Amino acid sequence: MSHRYSGNFRAKHPADLKVDEVIMKEVTLKMVNGRMACKTAHSIASKLSVSPSQVGVAIDLQNGRIQACQLGLFGHEKTKSIAQGGSGKITELGSDIQNTLVDGRLSCAAAWRIADTHAVPRLEVGRACEILGIKINQCQLGAF
């Protein structure tokens, strides 16, 4: 969720917005201390056969925070840069990343596809983007 709405994520949406009760119930059950891991949110979307953005809206309406972004962009310990570590596939990934950019940025969904194509963790693509100075946009959950 963006800094602009920090602490009041409901404000990102119209006051009369309704979310499917099944989605809202599942989000409520899985949220811990007002937070939900990205992976958990995507698992809910898959389980319920809904889009990740619908789950993201349900999290927002509960003023919840998404943590542990699978690309390493937010919700992790601040002690390390995500650029540290990794498998060393930056050159291989970098080519696919560069070929997939739209207006100089890589969408979250495209980053996931690249990770799947190369059989690497999604965090590896996030690392490559950080090292290459490429911004990731269009979070599938609507966090950014």
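1. Some words on the packing of aromatic side chains
Part 1 of the argument: Across all of its chains, the model carries 1 aromatic pair by this definition.
Part 2 of the argument: Positioned over the ring face of W112 is R122, at 3.5 Å from the centre of the ring.

2. Let's talk about the side chain of H118
Part 1 of the argument: Secondary-structure assignment places H118 in helix α5 (residues 108–118).
Part 2 of the argument: The contact partners of H118, leaving out residues within four places of it in the chain, are K89, E92, L93 and D96.

3. Re unusual backbone geometry
Part 1 of the argument: The backbone phi angle of A119 is positive, close to 55°, even though this residue is not glycine.
Part 2 of the argument: Turning to its location among the elements, A119 is positioned in the loop between α5 and α6 (122–132).

4. Side note on empty space enclosed by the protein
Part 1 of the argument: Going through the model one piece at a time under the given rule, you end up with 1 cavity of 30 Å³ or more.
Part 2 of the argument: Volume-wise, the largest cavity comes out at about 50 Å³.
Part 3 of the argument: In terms of lining, the largest cavity is formed by C38, H42, C69, Q70, L71, F74, C108, W112, C139, Q140, L141 and F144.
Part 4 of the argument: Broken down by secondary-structure element, the contributors of at least two residues to the lining of the largest cavity are α2 (38–48) and α5.
Part 5 of the argument: Counted by class, the lining of the largest cavity contains 9 nonpolar, 3 polar and no charged residues.

5. Focus on the side chain of E26
Part 1 of the argument: Considering the arrangement of structural elements, one finds E26 in helix α1 (residues 21–30).
Part 2 of the argument: With residues up to four places along the chain from it excluded, the contact list for E26 reads I44, K47 and L48.

6. Section: α2
Part 1 of the argument: Among all positions in α2, only C38, A41, H42, I44 and A45 are buried. Angularly, the buried residues of α2 cover 155° about the axis, an arc narrow enough to put them on a single face. Opposite the buried face of α2, at more than 90 degrees from it, the exposed residues are K39, S46 and K47.
Part 2 of the argument: Considering only its buried residues, α2 is in contact with α1, β1 (35–37), α3 (52–61), β2 (65–67) and α5.
Part 3 of the argument: At the exit of α2 stands S49, carrying a positive phi of roughly 55°.

7. Here's the deal with the packing of α2 against α3
Part 1 of the argument: The interhelical angle for the contact between α2 and α3, taken along N-to-C directions, is 120°, at an axis separation of 8 Å. Classified by the angle their axes make, α2 and α3 are oblique. Regarding α2 and α3, the two cross each other, and that crossing is right-handed. Counting all contacts with α2, which are made through A41, H42, I44 and A45, the residues of α3 involved are P52, V55 and I59.

8. Here's the deal with α5
Part 1 of the argument: Of the positions making up α5, those classed as buried are C108, A110, A111, W112, I114, A115 and H118.
Part 2 of the argument: Structurally, α5 contributes buried residues whose contacts are with α2, α4 (90–100), β3 (105–107), α6 and β4 (135–137).
Part 3 of the argument: Once α5 finishes, A119 follows within two positions and takes phi at roughly 55°, a positive value.

Rules used throughout
Residues numbered from 1 in each chain as written. Predicted model: local features only at pLDDT ≥ 70, side-chain atom pairs only at ≥ 80, totals over all residues. Heavy atoms only, no water. Phe/Tyr/Trp six-rings, centres within 6.5 Å; stacked < 30°, edge-to-face > 60°. Lys NZ or Arg CZ within 6 Å of the ring centre and 35° of its normal. Helix = DSSP H or I, 4+ residues; strand = E, 2+ residues; numbered from the N terminus. Contact = heavy atoms within 4.5 Å. 1 Å grid on protein atoms, 1.4 Å probe; cavity = no way out; pocket = protein on both sides within 12 Å on 5 of 7 lines; lining within 4 Å. Points joined across faces, edges and corners; volume = space filled by probe spheres on them. Nonpolar A, V, L, I, M, F, W, Y, C, P; charged D, E, K, R; others polar. Buried < 20%, exposed > 50% of the residue type's maximum accessible area, 1.4 Å probe, protein only. Arc of directions from axis to C-beta. Axes fitted to C-alpha atoms, helices over the stretch in contact; angles between N-to-C directions. Parallel < 35°, antiparallel > 145°, perpendicular 65-115°, else oblique. Left-handed = near helix turned anticlockwise from the far one by under 90°.

Nothing here speaks to function; it is all geometry.
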